[in-house]
Amino acid sequence: MSQAPDYTDKIPNNVGLREDRRLQRALESWQPNFLNWWASMGPTLPTQDVYLRTAVNVGREGWAHFAHVPMPDYRWGIFLAEQDPHREIGFGQHKGEPAWQQVPGEYRSDLLRLIVIQGDTEPASVEQQRDLGATAPSLYDLRNLFQVNVEEGRHLWAMVYLLHAYFGREGREEAEELLHRNSGSPDAPRILGAFNEATPDWLSFYMFTYFTDRDGKYQLGTLKESAFDPLSRTCEFMLKEEAHHMMVGTTGVDRVVERTAQVMVENDTDDVAACGVIPLPVIQKYLNFHYSVSLDLFGGETSTNVANYYTAGLKGRWSEERRQDDHRLTNDAMMVDALVDGEVAEVEVAALTGLNTDLRRQYIADCRGGVNRWNKILSDAGLPHRLRLPHVAFNRHVGAFAAITATPEGELIPAGEWQRRKGGWLPTDVDKTHVRSLMRPVHERGKIAAWIAPPRNGINGKPFDYDYVHLA
Ligand SMILES: [Fe+2]
Ligand SMILES: [Fe+2]
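Please read these numbers as outputs of a predicted model, since none were measured by experiment. Residue indices begin from 1 for each chain and proceed along its sequence in written order. Chain labels run from A onward and ligand labels from 1 onward, assigned in the order the entries are written. The predicted origin of the model limits local features to residues at a pLDDT of at least 70 and limits the giving and counting of side-chain atom pairs to 80 or more, whereas totals for whole chains, interfaces and linings rest on all residues. Calculation of side-chain values draws on the structure's entire complement of heavy atoms; hydrogens and water are dropped beforehand.

Visitor: Would you mind going over the state of the cysteines with me for this structure?
Guide: As used in these notes, a disulfide is a covalent bond between sulfur atoms, one from each of two cysteines. Note on disulfides: each one is a pair of cysteine sulfur atoms within 2.5 Å. By the definition in use, this model includes 0 disulfides. Cysteine Cys235 shares no disulfide, and the gap to the nearest cysteine sulfur, in Cys367, comes to 20 Å.

This is the structure:
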């Protein structure tokens, strides 16, 4: 059973670390390396302290404690959701058997791989976002950035705990590598493409937390179903923290759209770049970029690896328990996106091999929710303009559509034409320069940059003009 976290330990945890001296020592020797990484690759803006929430209890009865904390003193810890001693495996060939408390030898290398890939994304986003503090539009936003950063650091701890506790020497080596690879590094880049892209401005940050953190939500959702119970419980708790990251993205884009719409109405023009806000077509281009690179994170349309992971019980589907089928899928088929005779089409495949497509579709349906809400802001402002998700074939570098070039409407066009027209669909240097020109820091209490609307609510019931961050 999990227990209340012990904050007197060097490493706060609810996994009984004190009873396992070897593991405790191993993690305590990784801890200074983590702190060195945070100091050299984490947020660059000097601060005294930040109004942060820290996990204090994993139970439903409230798990977060809010206080001003110097960031290097944040209590990164190891928190697993409560153990259900009767939990059974919910899918695959082991369906109905007791969940595993140890790693079965036959699945060891696959589980290690899944944990390393997930673990690699967590510190990557901290690296991508490290310079954003210098241009924050308000102290409220600055605080949210740092909250996301410390929690991604904690998610790294979550994965490193599993590596150390269950994968021996190999796991410890992988834990070192997680600090060694860096986002965008030419020699040792992060494993997945989207995590090597820059996050140079706050519109990118909101789009990243909306679209790319949301990919994280879906990946964690599949690992939460895992037969390997410690992984399942870790991911269940990470999902609670992840919800805040997506709130930052959703409401961040809300506020950019709201402010742009306001200025469009006030000046009765679409051409609002000169008015110090971000024009809607530029917002659309950022959306196109972040959505399409996030679609790539789900992998190819079909995958025998993923079929094997499912059958073995390592990785389930989104909302596995709500699916109305046999949870084995050995006799089922599904349609997946494909290129057929050079055209965008669908083909039927075994349901097991199409699981990446299944997950991507769940994600796409979720992303529509954001676009609908941003369009409601536009329609409430009396504007006829609408944002939309580009076609699944647009700007893809992984899967069936990597070989072709398509417009955001999904029309296939020659590569040369795509190159000529892509400036209309993806952010150009001019767009990026304009957005960056707006990124002047507003670090005064209660003030906000002119390109974004203030939030509807503060954090933890505090007002917008609360002193969320004390700068150094
Ligand atoms: Fe995360
Ligand atoms: Fe996140």
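There is more to say after this.
Visitor: Help me understand the coordination of the iron ion (ligand 2) in this model?
Guide: Six octahedrally arranged donors around a metal ideally form angles of 90 or 180 degrees; four tetrahedrally arranged donors ideally form angles of 109.5 degrees. Coordinating N, O and S atoms are those within 2.8 Å of the metal (3.2 Å for Na, K and Ca), and as water is not part of the atoms, a site may appear to have fewer donors than expected. Protein-derived coordination of the iron ion (ligand 2) comes from Glu152 (OE), Asp213 (OD), Glu242 (OE) and His245 (ND1), at a distance range of 1.7 to 2.2 Å. One way to put it: the 4 donor atoms around the iron ion (ligand 2) meet at angles of 90 to 166 degrees, and that makes the site irregular. Counting gaps between the donor residues of the iron ion (ligand 2) yields the pattern E-x60-D-x28-E-x2-H. Under the classification used here, a metal with four donors is tetrahedral if each angle lies between 85 and 135 degrees, square planar if opposite donors are over 155 degrees apart and the others between 65 and 115, a six-donor metal meeting that same test is octahedral, and anything else is irregular.

Visitor: Just checking my understanding: could you explain the coordination of the iron ion (ligand 1) for this structure?
Guide: Looking at the iron ion (ligand 1), one finds its protein donor set to be Glu122 (OE), Glu152 (OE), His155 (ND1) and Glu242 (OE), positioned 2.0 to 2.8 Å from the metal centre. When the donor residues of the iron ion (ligand 1) are listed from N- to C-terminus, their spacing reads E-x29-E-x2-H-x86-E. The distance between the iron ion (ligand 1) and the iron ion (ligand 2) comes to 3.5 Å, and Glu152 binds to both of them. In this pair, Glu122 is assigned in helix α2 (residues 108-128) and Glu152 in helix α3 (residues 139-166), connecting sequence segments 30 residues apart. Taken as a pair, Glu122 and Glu152 share a single burial class, namely buried. In this text, helices come from DSSP runs of H or I with a minimum length of four residues, and strands from runs of E with a minimum of two, each type numbered from the N-terminal end. Throughout this description, buried means an accessible area under 20% of the type-specific maximum (1.4 Å probe, protein chains only), exposed means over 50%, and partly exposed covers the range between.

Visitor: Looking at this structure, I do not really get the side chain of Asp467. What am I missing?
Guide: You can see Asp467 is positioned in the loop between α11 (429-438) and β5 (469-471). Whenever a nitrogen or oxygen atom comes within 3.5 Å of another N or O atom, the pair is scored as a polar contact, on the condition that within protein one atom can donate a hydrogen and the other can accept it, and that pairs from neighbouring residues in sequence are kept only if both atoms are in side chains. Within the structure, Asp467 has its side chain in polar contact with the side chain of His470 (distance 2.8 Å). Throughout, a contact is declared for two residues whenever any of their heavy atoms are within 4.5 Å. Apart from the residues lying within four places of it in its own chain, the contact partners of Asp467 are His68 and Arg445.

Visitor: I would appreciate a short explanation of the sheet that holds strand β1 (residues 47-55) in the present structure.
Guide: Where strands meet in a sheet, backbone hydrogen bonds hold them as pairs that are either parallel or antiparallel. Think of it this way: DSSP has to see at least two bridges between two strands before they count as a pair. Spatially, the 3 strands line up as an open sheet ordered β2-β1-β5, and their pairing is antiparallel. Looking along the sheet, the strands with just one partner apiece sit at the ends: β2 (64-69) and β5. Mean inter-strand twist for the sheet, computed between neighbouring axes without regard to direction, equals 15 degrees. The pairing of β1 with β2 spans 6 bridges and is classified as antiparallel. Residue pairing in the sheet places Ala55 in a bridge with Ala64 of β2. Only the stretch in contact is used when fitting a helix axis, every axis being a line fitted to C-alpha atoms; angles between N-to-C directions are given from 0 to 180 degrees. Strands β1, β2 and β5 of the sheet are contacted by α3, whose axis makes an angle of about 60 degrees with β1.

Visitor: Would you mind going over helix α1 (residues 21-41) with me for this structure?
Guide: An α-helical turn contains 3.6 residues, so any two residues separated by three or four positions project in the same direction. Expected helix span is given by 1.5 Å per residue-to-residue step, counting one fewer step than there are residues. The end-to-end C-alpha distance of α1, which contains 21 residues, comes to 30 Å, matching closely the 30 Å that a straight helix rising 1.5 Å per residue would cover. Every buried residue of α1 is accounted for by Leu23, Gln24, Ala26, Leu27, Trp30, Gln31, Phe34, Trp37, Trp38 and Met41. As for α1, its buried residues are in contact with α2, α3 and α4 (168-180).

Visitor: Could you clarify how one ought to interpret the pattern of salt bridges in this entry?
Guide: Pairs may arise between side chains of opposite charge once their charged atoms sit close together. Counted as salt bridges are all cases of a side-chain nitrogen of Lys or Arg within 4 Å of a carboxyl oxygen of Asp or Glu. Summed over all chains, the structure comprises 25 salt bridges. The partner of Arg108 in a salt bridge is Glu170, and the shortest N-O contact between them spans 3.7 Å. Pair noted here: Arg108 is in helix α2 and Glu170 is in helix α4, with a separation of 62 residues, a long-range link. Residue classification places Arg108 among the partly exposed positions, given a relative accessible area of 30%. For Glu170, a relative accessible area of 41% translates into the label partly exposed. With a closest N to O distance of 2.8 Å, Arg154 and Glu241 form a salt bridge.

Visitor: How should I be thinking about the pairing of strand β3 (residues 333-340) in this particular structure?
Guide: In the case of a regular strand, side chains alternate between the two sheet surfaces. As paired elements, β3 and strand β4 (residues 343-350) share 8 bridges and run antiparallel to each other. Within β4, the position partnered with Met334 by the bridge is Val349. With antiparallel pairing between neighbouring strands as the criterion, β3 and β4 make up a hairpin whose turn holds 2 residues, including Asp341 at a positive phi of roughly 50 degrees.

Visitor: Help me out: how do you make sense of the packing of α1 against α3 in this one?
Guide: Between two packed helices, what matters for the description is the angle formed by their axes and the separation of those axes. The N-to-C vectors of α1 and α3 enclose an angle of 150 degrees; their axes lie 11 Å apart at closest approach. In this structure, the crossing between α1 and α3 has a hand that is right-handed. Of α3, the residues touching α1 (which contributes Leu23, Ala26, Leu27, Trp30, Gln31, Phe34 and Trp38) are Asn149, Val150, Gly153, Leu156, Trp157, Val160, Tyr161, His164 and Ala165. Amino acids are sorted into nonpolar (Ala, Val, Leu, Ile, Met, Phe, Trp, Tyr, Cys and Pro), charged (Asp, Glu, Lys and Arg) and polar (every other residue, Gly among them). In terms of residue class, the contact of α1 with α3 is made up of 12 nonpolar, 4 polar and no charged. Handedness of each helix crossing follows the sense of rotation of the near helix against the far helix: counterclockwise by less than a right angle gives left-handed, clockwise gives right-handed.

Visitor: Explain the nonpolar core here, please?
Guide: For soluble globular proteins, the rule of thumb is that nonpolar side chains tend to be buried together. To define a nonpolar core, start from buried Ala, Val, Leu, Ile, Met, Phe, Trp, Tyr and Cys residues and group those joined through side-chain atoms within 4.5 Å. Phe211 and Trp451 are the most contacted members of the largest nonpolar core, which has 125 residues in total. Per-element accounting of this core gives the leading share, 16 residues, to α3. Ignoring anything within four residues of it in the chain, the contact list for Phe211 reads Leu287, His290, Tyr291, Ser294, Tyr363, Cys367, Trp374 and Leu389. Among the nonpolar cores identified, the runner-up in size contains 6 residues, and Ala124, Ala194, Phe195 and Leu297 belong to it.

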